[in-house]
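Summary of the model geometry
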Amino acid sequence: MNNTSRLPPEENSLLATMVVVFFRIALGLIGLIALFYFYCEINKRYWDFRVTHMCKKDGGLHLFESIAISHEEFLAWGGKDGVRGVPIPSEENMRFDIPIFERSETKTISPRRPYVWRSVSTYVRRSDGKVLAQHILYARRGGDFPSPAHESYFFCPSDGLISERLISVYGETK
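Residues numbered from 1 in each chain as written. Predicted model: local features only at pLDDT ≥ 70, side-chain atom pairs only at ≥ 80, totals over all residues. Heavy atoms only, no water.

Here we take up the state of the cysteines. All chains considered together, the criterion is met by 1 disulfide. Disulfide pairing is shown between Cys55 and Cys156; the S-S distance is 1.7 Å. On the sign convention where negative means left-handed, the S-S torsion of about -90° between Cys55 and Cys156 marks this disulfide as left-handed. With Cys55 in helix α1 (residues 9-58) and Cys156 in the loop between β6 (153-155) and α3 (162-166), this residue pair connects regions lying 101 residues apart in the sequence. For the pair Cys55 and Cys156, a shared accessibility class is recorded, and that class is buried. (Disulfide = S-S within 2.5 Å. Helix = DSSP H or I, 4+ residues; strand = E, 2+ residues; numbered from the N terminus. Buried < 20%, exposed > 50% of the residue type's maximum accessible area, 1.4 Å probe, protein only.)

Structure follows, in structure tokens:
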């Protein structure tokens, strides 16, 4: 009898069994990783769908009244020639020389992966407290398969520069 194996038959079958067990464990781990990856992707798609739906429902800029300012006021507020938009201070900045301010509020919708929130920016005239505009934004951050890459994000489509729609500047630009 010509036996080409160098291991005794009982050790040969033990080695074969160990190889099979190793491959089954490896396949099981790869399967679990693939399932977790697909769970992450499906969960992100679900929240992106929800964010899109919430954006369509009440997201975006709701403009109630716009105001006009002179070019001198634009510069006094911190605007710069050649740069789009007028800086609108937050309520905490206490810029009483500027007749409007922004009040922001953020509400967490999903605190876990992914992080989903609703942000409301209300633009108020200081003299009478009238709300001039309200911008509602829904957003999702994260929920990705763990990796060293930055987290992905998704949010309502942009309405452009809010201050350009809320405030018009008249007069000469230099």
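From this point, things continue past the structure.
Turning next to the packing of aromatic side chains. For any pair of aromatic rings, geometry is given as the distance between the ring centres together with the angle between the planes. Tallied over the full model, the rule gives 8 aromatic pairs. Look at Phe36 and Phe145: their rings are 5.8 Å apart centre to centre, the planes differ by 55°, and that puts the pair in the tilted class. Here Phe145 lies in the loop between β5 (131-141) and β6 and Phe36 lies in helix α1, a separation of 109 residues in the sequence. The class for Phe36 is partly exposed, based on a relative accessible area of 37%. With 5.7 Å between their ring centres and 10° between their planes, Tyr153 and Phe155 make a pair best called stacked. By relative accessible area, Tyr153 is classed as exposed at 58%. The exposure class of Phe155 is partly exposed, given its relative accessible area of 41%. Clustering of aromatic rings is evident, with ring pairs tying together Phe36, Tyr37, Phe38, Tyr39 and Phe145. (Phe/Tyr/Trp six-rings, centres within 6.5 Å; stacked < 30°, edge-to-face > 60°.)

To continue, consider the layout of surface pockets. Remark: the empty space left among the atoms is shown by a probe the size of a water molecule rolled over them. Of the pockets and cavities examined, the largest pocket occupies roughly 150 Å³. Listed by contribution, the elements that provide at least two residues to the lining of the largest pocket are α2 (71-76), α3 and β7 (167-170). In terms of residue count, the dominant contributor to the lining of the largest pocket is β7 (3 residues). Here the residues of the lining of the largest pocket are counted per class, giving 5 nonpolar, 6 polar and 4 charged. (1 Å grid on protein atoms, 1.4 Å probe; cavity = no way out; pocket = protein on both sides within 12 Å on 5 of 7 lines; lining within 4 Å. Points joined across faces, edges and corners; volume = space filled by probe spheres on them. Nonpolar A, V, L, I, M, F, W, Y, C, P; charged D, E, K, R; others polar.)

Before going further, it helps to examine the nonpolar core. Counting residues in each nonpolar core, the largest one holds 15 residues, and the members touching the most others are Ile67, Ile69, Trp77, Ile100, Leu166 and Ile167. Listed by contribution, the elements that provide at least two residues to this core are β2 (67-70), β5 and α3. Of all hydrophobic cores here, the second largest spans 9 residues; its members include Val51, Cys55, Ile136 and Tyr138. (Core = buried A, V, L, I, M, F, W, Y, C linked by side-chain atoms within 4.5 Å.)

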